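Examining the three-dimensional arrangement
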Amino acid sequence: MNKRKITIGSTLMLLMLAVVSTFNITFFVASEYYNARLGNFEELESEYEKFSEVSSIVDKYFVGEYDKEEMMDAALKGYINGMGDQWSSYLTEEEYQAVLEQREGTYAGVGITISASADGQTYTVTAVAEDGPAEKAGIQVLDQLVAVDGESIAGMSYDDLNNKVHGEPGSQVVLTILRDGRQTEYAIEREEVQTSGVKAQMLDGNIGLIRIESFSTNVDQEFSQKLQQLLDEGAQGLVFDVRFNPGGFVEVLVNMLDELLPKGTIISIADKDGNSTNYTSDEEQVELPMAVLTNEYSISAAEFFAACLQEYDVATVVGEHTLGKGYAQSLIPLSDGGALNISTSRYYTPKGVSLAGVGIQPDEEVEMAPEKLANFYTLQPEEDDQLQAALETLRQQIARS
């Protein structure tokens, strides 16, 4: 066998070629990286130059008075609003603190819950706190909110609107309400408002009714207590009412559903990069005939509560089609004390379905007359057509069991 000798010179030449090749590859990768960074920098520089140009013109020519800090807040609000996502917003320090208070279940306001339409262009009063300032002033469920303190709410984000309605206890806010084609202004003094999470009662036929007002902090604990109370009283069926429910926290939703579902996926959440988090339930579950009441004002966690029970075939959904909110928001603090509340995740039902822009279709579609909707919170059970339809469904299931 012939053996070829490799000289020292050849070895050095090969090493030099390897070094050159490595350098070229490294240089190419680094160039691509820095060119991309440079492109981003140039894009940002262009944006800041435009902002600086506008600021300079205002400083030089504007004859009125203005506050630079207020202008910056307005600019940041406009920047976030420009994304076209009605659920995202920029919050000032004061607004951020108000949101934190509201999420804890206590806040200073007038005692109303506001829900946005699917296109985010109109806002409807979907709940009025009993004995709260708004109820005393005469505001009703299904009133359309047109303006706050004379400022039109057209194009206003959901968080911005809520923050304008809330404020210091004892301060006054003027709400312009549209009802039956007529606009009326209501001057209301803000008070400390304590929101209720869960209400429960036993109806005829030993069917328990649980109304879930929201999925806010500690509502899951209240839900568990009320559920056990009905079970101890001998409930043979359960109706969960999430009509006019604006949603809340995923963890609260999961804890509540865990008591009602068999072992399996409850909800999955995926971020922008596709990273997914799955929430699951254990084997323990309540095994009774169940129904869920929904309407177009059942939003976010309220929709997923109904969708999960529907997909596992453990509850019948009765009522109306839901809004279709499929994004989860994160509240991200900023260095100046403010915060961004922006959509950071998409969430999916146990079967991997996104409800964004779709909502859920009831198993039994039952509409409610406008005059009954307007008096929703004072309806007696026998006057509630959707509840009666759900009760009839459960009675039939109980009779067959």
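Residues numbered from 1 in each chain as written. Predicted model: local features only at pLDDT ≥ 70, side-chain atom pairs only at ≥ 80, totals over all residues. Heavy atoms only, no water.

**What about the sheet that holds strand 10 (residues 198-203)?**
The sheet built from six strands is open, its strands ordered 10-11-12-15-16-19 with mixed pairing. Edge positions in the sheet fall to strand 10 and strand 19 (364-365), since each has one partner strand and no second. Across four bridges, strand 12 (residues 237-241) lies against strand 15 (residues 290-294) in parallel orientation. The residue of strand 15 that forms the bridge with Val239 is Ala291. (Pairing = 2+ DSSP bridges. Helix = DSSP H or I, 4+ residues; strand = E, 2+ residues; numbered from the N terminus.)

**Topic: the confidence of the model for the protein**
Looking at the protein as a whole, the pLDDT averages 85, with 85% of positions reaching at least 70. Confidence, read as mean pLDDT per element, is least for helix 1 (residues 8-61) in the protein (60) and greatest for strand 15 (98). Segment residues 1-6: pLDDT under 50, and one contact once partners within four positions in sequence are set aside and those in other chains are kept. Low pLDDT (under 50) marks residues 17-23, which in the prediction has zero contacts with non-local residues, meaning those over four places away or in another chain. (pLDDT = per-residue confidence, 0-100. Contact = heavy atoms within 4.5 Å.)

**Focus: the packing of aromatic side chains**
Here the distance between the centres and the angle between the planes together describe a pair of aromatic rings. In the structure shown here, the tally under the stated rule is nine aromatic pairs. Between Phe62 and Tyr66, the aromatic rings sit 5.7 Å apart at their centres with planes inclined by 55°, giving tilted as the arrangement. Assessed through its relative accessible area of 46%, Phe62 is described here as partly exposed. The class for Tyr66 is partly exposed, based on a relative accessible area of 31%. Taking the centre distance of 4.6 Å and the plane angle of 80° together, the rings of Phe304 and Tyr347 count as edge-to-face. Taken together, the residues Phe304 in helix 8 (residues 301-311) and Tyr347 in strand 18 (residues 339-348) connect sequence positions 43 residues apart. (Phe/Tyr/Trp six-rings, centres within 6.5 Å; stacked < 30°, edge-to-face > 60°. Buried < 20%, exposed > 50% of the residue type's maximum accessible area, 1.4 Å probe, protein only.)

**What to know about the pattern of salt bridges**
Between side chains of opposite charge, a pair can form when the charged atoms approach closely. Per the counting criterion, the structure on display carries 13 salt bridges. Ionic pairing is found between Asp160 and Lys77, a salt bridge with its closest N-O pair at 2.7 Å. With Asp160 in helix 5 (residues 158-165) and Lys77 in helix 2 (residues 68-81), this pair connects stretches of sequence that are 83 residues apart. The burial state of Asp160 is the same as that of Lys77; both residues are buried. (Salt bridge = Lys/Arg side-chain N within 4 Å of Asp/Glu carboxyl O.)

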